[in-house]
Amino acid sequence: MDKSLLRRIALKRRESLSLTEREEKNQLIFQRLISLREFQTAGVVLCYASFRSEVDTFRLIEYLLNTGRRTLLPRVNPSIRELEIREIRSLQELQKGYMGIPEPAPTAPLRDLNLSDIIIIPGIAFDRRGGRIGYGAGYYDKLLSGLRRPIPLVGLAYDEQLLKEIPIEAHDRRVDIIVTEKEVIYCGSGKDQRGCKTHS
């Protein structure tokens, strides 16, 4: 299957979840994420503001701010088709931006991607080897090409978004960890390529 078809399949699965189901899953994903050693040792976190049926991150952003973590979020610069990384100190600093997605104001301080200790990125679908399908614009692949040091990449997903296999192209960046409501999957180099699962 090509990515466009897999994207449609995973998006349909995600959007078929009821609000109650999503809220239950969101809470479990949040608890698994903040329990990760990689998260607990991170002082600077690059996150994203969730949109529509994505795994909710507003609870996470509030938690980061309340626990004194430096909180970075992307802002789309449509003129050059790139993501800028900006720091926020309050949820009130977010505003509707590109395609209606919540993002920092253009006056928020600009930061270097490589300040991050952990990077949490969205996706429509993932596989157990860290393969990821986004919305197709390539913003995150372009952003992550600027990494100058190893930083854990974490994908948040409902179990329904996990696919057997995602075709990977040369420019695609795999995630290191996937957190769902059911499990944490480690899929970095040197790991079992089927993914290492831990259940609570």
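Heads up: the structure comes first, above all this text.
I will try to describe carefully the structure that is included in this document. (Residues numbered from 1 in each chain as written. Predicted model: local features only at pLDDT ≥ 70, side-chain atom pairs only at ≥ 80, totals over all residues. Heavy atoms only, no water.)

Right, let's talk about the state of the cysteines for a bit. Throughout the structure, instances matching the rule amount to 0 disulfides. A disulfide-free cysteine, C47 has its sulfur positioned 18 Å from the sulfur of C187, the nearest such atom. When its relative accessible area of 0% is taken as the criterion, C47 is described as buried. Overall, the relative accessible area of 5% leaves C187 in the buried class. (Disulfide = S-S within 2.5 Å. Buried < 20%, exposed > 50% of the residue type's maximum accessible area, 1.4 Å probe, protein only.)

Any space left empty among the atoms is revealed by the rolling of a water-sized probe across them. According to the stated counting rule, one finds 2 cavities of 30 Å³ or more in the structure shown. Considered as a void within the structure, the largest cavity measures approximately 40 Å³ in volume. Along the walls of the largest cavity sit N26, I29, F30, L33, V55, D56, T57, L60 and L156, which together make up its complete lining. Here the element with the most residues in the lining of the largest cavity is helix α2 (residues 19-35); it accounts for 4 residues. Split into classes, the residues belonging to the lining of the largest cavity amount to 6 nonpolar, 2 polar and 1 charged. Empty space within the second largest cavity amounts to approximately 30 Å³. Around the second largest cavity, the lining residues are R14, Y48, E54, V55, P122, G123, L156 and Q161. Per-class residue counts for the lining of the second largest cavity are 4 nonpolar, 2 polar and 2 charged. (1 Å grid on protein atoms, 1.4 Å probe; cavity = no way out; pocket = protein on both sides within 12 Å on 5 of 7 lines; lining within 4 Å. Points joined across faces, edges and corners; volume = space filled by probe spheres on them. Helix = DSSP H or I, 4+ residues; strand = E, 2+ residues; numbered from the N terminus. Nonpolar A, V, L, I, M, F, W, Y, C, P; charged D, E, K, R; others polar.)

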